Each structure stands twice: as structure tokens, then as C-alpha cells.
Amino acid sequence: MQPFTTHRGRLAVLDWSDVNTDLIIPARYLKRVERIGFGPLLFADKRYEPGGAPLPDQPERHGAPLAGFPLNDPAVAGATVLVVGHNFGCGSSREHAVWAVMQAGYRALIAPGKGEGFADIFENNALNNGLLVIELDKRHWQTVAQAGRAEPGRAEVTIDLNEQTVTLHQSASALAMDAEPCFPFEIPESHRQRLLKGLDTIAETLLFDSAIQRHEAQLPDWIIPRPTGG
């Protein structure tokens with residue numbers, strides 16, 4: 001898993017509320033056995049012209065982008081921070097939703113309201129896969145979202161996970177303040193440490209591999225059967 005320490009990236013804004021996982025990645029794509037190729041499937045039923053969504057086994061073959069869908073704006077192509085609305089990722093649990101967001105190029109999501117921005121299961125799936133999900137104070141989120149709307153493809157943020165801050169960068173013409181605003185956020189310390197070190201939960205467990213092996217060596221055979229000669 002790629003460590004996350006600091007990241008500066010351009011903003012894209014999809015500030016719809018209650019975006020569920022079936023909208024993020026439609027259920028028909030869950031039969032894919034690979035963990036790659038999900039980027040083009042992100043919002044597949046919204047981002048392409050009618051009838052243009054890819055087949056599950058041909059994610060790169062799709063119709064024309066649908067005009068008016070916010071993430072199809074050429075100005076935000078290559079954005080790496082997605083500003084989303086309240087309760088993003090609600091609905092059924094599917095890790096594929098996180099894979100689709102990440103493989104579309106996003107390193108972080110920013111939502112409004114502590115404890116309200118993301119559905120719990122989606123939030124945990126995201127953090128366990130290395131996708132940073134940030135819940136800002138609603139007033140701070142509004143400032144970031146408005147910057148992204150006002151200057152598509154130009155507004156940027158720097159996310160510092162050590163300091164747990166989001167700093168907003170705008171052009172001189174758009175910046176109405178003397179200094180670039182900096183907003184605090186919090187994530188659970190266990191998740192923060194794993195992200196900083198680039199460890200998922202399995203990799204974190206394997207840090208204790210030697211201790212695990214020493215413990216297992218002391219267990220009776222009926223707990224962990226060992227091969228016998230013959």
C-alpha cells in the first residue's frame with residue numbers, strides 16, 4: 001500500500017448527498033475477479049452517454065462521456081482530490097467502490113461534517129485500502145467546495161496527514177484572504193499510522209511475524225497440526 005504523508009492535488013467536486021455504493025460502482029461489475037480495471041467503471045451509469053457504460057469484462061470499451069456530469073469536465077481531468085457530499089458511500093458494502101475511486105486517480109476524498117461525511121463501512125474500506133477520507137467542519141468544507149466550483153481544475157489543496165490539515169490554494173484573483181486557509185481534520189490514530197507507513201491490516205499484522213511464529217511453536221499439535229515424516 002502506498003504511504004500517505006503529504007499530497008498536493010487539484011480538486012474535482014461531486015457534491016451530491018447520499019451517493020450510494022451502487023452508484024459509485026454498479027453491482028453488475030462486482031463479478032470481476034481482478035482487482036484492477038475499475039477506474040473506467042466509476043459512476044459508470046452516470047458518466048457515459050445512455051447505453052455507453054462498459055461491459056464488466058471490457059472496462060476500457062465505453063461510450064462517449066455524458067456532457068454535464070461534473071467529473072467529465074476536461075478542466076478537472078487529472079484531479080486527485082475529490083470533494084463529495086454528505087453520507088458518501090452509503091448502501092451495501094463493496095470494497096470495489098473504493099478500488100474504483102482510487103483507480104480513477106483520487107488519493108483523497110473530502111466530505112462535510114464530522115461523523116456524517118461518509119458511511120461507516122465505506123470509510124473503513126477506504127482507510128484500509130490507502131484512500132484517505134477526510135471529514136471537514138461544514139463551513140470549511142463549503143469553502144473548499146466553493147473554490148473547486150469557482151475555479152475548476154485550478155483550485156488545489158495540500159493535505160498533510162502528519163499535521164492533519166488541509167490547506168487550500170487558489171489563484172491570486174480568487175483568493176479573498178491574505179493567507180491560504182488551513183483547515184484541521186481528524187482520523188483515528190490507528191488508521192493514521194497505517195496510512196503514514198503504507199500498511200494495510202495484514203501488513204501491520206506481519207510486522208509481528210517473528211512473535212507469531214514463536215507463539216505458534218509453543219502450541220500443542222492438536223491446535224496447529226504439524227507434518228510428520230513417513
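Residues numbered from 1 in each chain as written. Predicted model: local features only at pLDDT ≥ 70, side-chain atom pairs only at ≥ 80, totals over all residues. Heavy atoms only, no water.

Asker: Any chance you could break down helix α5 (residues 138-150) for me, citing the residues and the numbers?
Answerer: An ideal rise of 1.5 Å per residue puts 18 Å on 13 residues; α5 measures up with 18 Å between its terminal C-alpha atoms. Buried within α5 we find W141, V144, A145, A147 and G148. Seen along its axis, α5 keeps its buried residues to an arc of 155°; they face one direction. Seen from the open side of α5, the exposed residues pointing more than 90 degrees away from its buried face are R139 and A150. At the N-terminal boundary of α5, the capping side chain belongs to D137, with an oxygen 2.9 Å from the backbone nitrogen of R139. (Helix = DSSP H or I, 4+ residues; strand = E, 2+ residues; numbered from the N terminus. Expected span 1.5 Å × (residues − 1). Buried < 20%, exposed > 50% of the residue type's maximum accessible area, 1.4 Å probe, protein only. Arc of directions from axis to C-beta. Polar contact = N/O pair within 3.5 Å; in protein donor to acceptor, adjacent residues only side chain to side chain.)

Asker: Outline the pattern of salt bridges, supporting the account with residue identities and numerical values.
Answerer: What the rule picks out here adds up to nine salt bridges. Ionic pairing is found between R28 and D45, a salt bridge with its closest N-O pair at 2.5 Å. Pair noted here: R28 is in the loop between α1 (21-24) and α2 (44-47) and D45 is in helix α2, with a separation of 17 residues, a long-range link. In this structure R28 comes out as partly exposed when scored by relative accessible area, which is 38%. (Salt bridge = Lys/Arg side-chain N within 4 Å of Asp/Glu carboxyl O.)

Asker: Explain the nonpolar core to me, and be specific about the residues and the numbers.
Answerer: L109, F122, L132 and I159 are the most contacted members of the largest nonpolar core, which totals 60 residues. Considering each element in turn, this core owes the most residues, five residues, to helix α3 (residues 95-103). Those residues in contact with I159 that sit more than four places away from it in its chain are F4, T5, T6, H7, V81, A108, L132, I134, T165, V166 and F185. (Core = buried A, V, L, I, M, F, W, Y, C linked by side-chain atoms within 4.5 Å. Contact = heavy atoms within 4.5 Å.)

Asker: Could you give an account of the pairing of strand β2 (residues 81-84), with specific residues and numbers?
Answerer: Two faces make up the sheet, and in a regular strand the side chains alternate between them. Side chains of β2 alternate between two faces, with V81 and V83 and L82 and V84 buried alike. Alignment of strand β1 (residues 6-14) against β2, held across four bridges, turns out to be parallel. Opposite V13, over in β2, you have V83 as the bridge partner. Judged from the three bridges that link them, β2 and strand β3 (residues 108-112) form a sheet pairing that is parallel. Within β3, the position partnered with V83 by the bridge is I110. (Pairing = 2+ DSSP bridges.)

Asker: Lay out the side chain of H191 with the relevant residues and their values.
Answerer: Tracing the backbone through its elements, the reader meets H191 in helix α6 (residues 189-197). What makes H191 buried here is its relative accessible area of 9%. H191 has contacts with N124, L127 and N128, leaving out every residue within four places of it along the chain.

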